[in-house]
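# Close look at the chain arrangement
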Amino acid sequence: MITSQHNIVWMAVAALLLFLLPLAVALFWKYRQSAKVSWQAILLGAAGFIVSARVLEVIPHAFCIILDNPVSQFINGHTWAYVLYGVTMAGLFEELGRYLIIGKVMKRNKTRENMVFYGIGHGGIEVWSVVLPVIMVYIAVSFSPDMQASAPEQILESAATFGGEMAALLVYERIVAMMVHVALTIVVAYSLFSSKKIHLFLAIALHMIFDIAPALYQRGVCSMAVCEICITLCVIPATLFAISLYKKMKVEPEPECQMNPNNN
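My aim in this report is to walk through the structure given alongside it, one point at a time. (Residues numbered from 1 in each chain as written. Predicted model: local features only at pLDDT ≥ 70, side-chain atom pairs only at ≥ 80, totals over all residues. Heavy atoms only, no water.)

Turning our attention to the packing of helix α2 (residues 39-56) against helix α5 (residues 79-105). Contact pair α2 / α5: the axes reach a minimum separation of 9 Å and the direction vectors enclose 140°. Taken together, the axes of α2 and α5 lie oblique to each other. Here α2 and α5 pass one another in a crossing that is right-handed. Of the residues in α5, those touching α2 at Leu-44, Gly-48, Phe-49, Ser-52, Ala-53 and Leu-56 are Phe-93, Glu-94, Gly-97, Ile-101 and Val-105. Along the lines of polarity and charge, the residues of the contact of α2 with α5 split into seven nonpolar, three polar and one charged. (Axes fitted to C-alpha atoms, helices over the stretch in contact; angles between N-to-C directions. Helix = DSSP H or I, 4+ residues; strand = E, 2+ residues; numbered from the N terminus. Parallel < 35°, antiparallel > 145°, perpendicular 65-115°, else oblique. Left-handed = near helix turned anticlockwise from the far one by under 90°. Contact = heavy atoms within 4.5 Å. Nonpolar A, V, L, I, M, F, W, Y, C, P; charged D, E, K, R; others polar.)

The structure is reproduced here in structure tokens:
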């Protein structure tokens with residue numbers, strides 16, 4: 001299939017918007033909360049996604065999805081098993097990663113404003129490391145006859161049919177996904193701020209619910225538009241819930257700001 005100039009323009013627009021999205025959101029929150037947020041939080045959020053989702057989560061995927069064995073054959077051969085496995089792994093690895101990094105690594109700057117920054121970093125690096133590279137591959141294939149000769153048919157078809165609707169859906173999907181990551185970060189952080197472990201398990205369950213529609217889309221069960229509608233319907237109440245928790249969270253004082261008991 002031949003990629004037209006029209007398709008290439010829309011791919012370039014999508015790539016530019018996806019590149020700018022995390023930067024715009026991060027700069028907006030930094031502007032709004034300049035004295036209350038630290039760039040450390042956004043960097044830890046990005047590192048948390050890379051370690052939990054792109055390194056550690058790949059280990060069980062190698063055995064359960066990629067390598068040819070009875071387990072992978074069963075999971076790949078049954079949509080319900082594929083969806084259940086995928087959402088469970090994503091929920092466990094990403095939310096436990098959030099919990100450990102915020103609780104153990106993020107010693108300083110543990111404020112509710114920085115929890116939002118952490119979520120922006122987590123969702124932003126996902127845009128740059130997962131979605132944006134796919135668009136760049138489409139663009140590269142469109143300009144390279146050699147790559148077209150060896151590229152999988154699915155990539156060629158996606159590049160040849162890429163238009164304004166797909167660009168809009170991808171950008172919208174990433175906006176919603178970043179909202180999800182911010183909301184989940186707040187839920188996980190609340191479990192640490194309040195010492196209520198139930199909120200960690202709630203975050204894992206919410207993550208699993210959010211990922212059901214994308215998993216079904218990967219299996220060809222639903223269209224991307226239906227997938228985004230389902231995620232939107234889920235993210236609205238989750239965001240409202242996260243806002244309510246955000247308002248309850250108290251800022252943890254820094255060690256140097258704590259009162260000395262001898263001064264009483």
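Once their charged atoms are close, side chains differing in charge can pair, the charge on each being opposite to the other. Following the criterion strictly, the structure yields four salt bridges and no others. The network of salt bridges with common partners includes Glu-126, Glu-173 and Arg-174. (Salt bridge = Lys/Arg side-chain N within 4 Å of Asp/Glu carboxyl O.)

In this section: unusual backbone geometry. In this structure, Ser-195 is a non-glycine residue whose phi angle is positive, near 60°. Turning to its location among the elements, Ser-195 is positioned in the loop between α9 (164-194) and α10 (198-218).

This next bit is on a nonpolar patch on the surface. A cluster of nonpolar residues, Leu-16, Phe-19, Leu-20, Leu-23, Leu-27, Trp-39 and Trp-128, forms a patch on the protein surface that exposes about 650 Å² of accessible area. It is helix α1 (residues 5-32) that contributes the most residues to the nonpolar patch, five residues altogether. Tracing the sequence through the fold places Leu-16 in helix α1. (Patch = residues over 30% accessible without salt bridge, like charges linked within 9 Å, V, L, I, M, F, W, Y side chains within 5 Å. Areas by Shrake-Rupley, 256 points an atom, 1.4 Å probe, with all protein chains shown as cover.)

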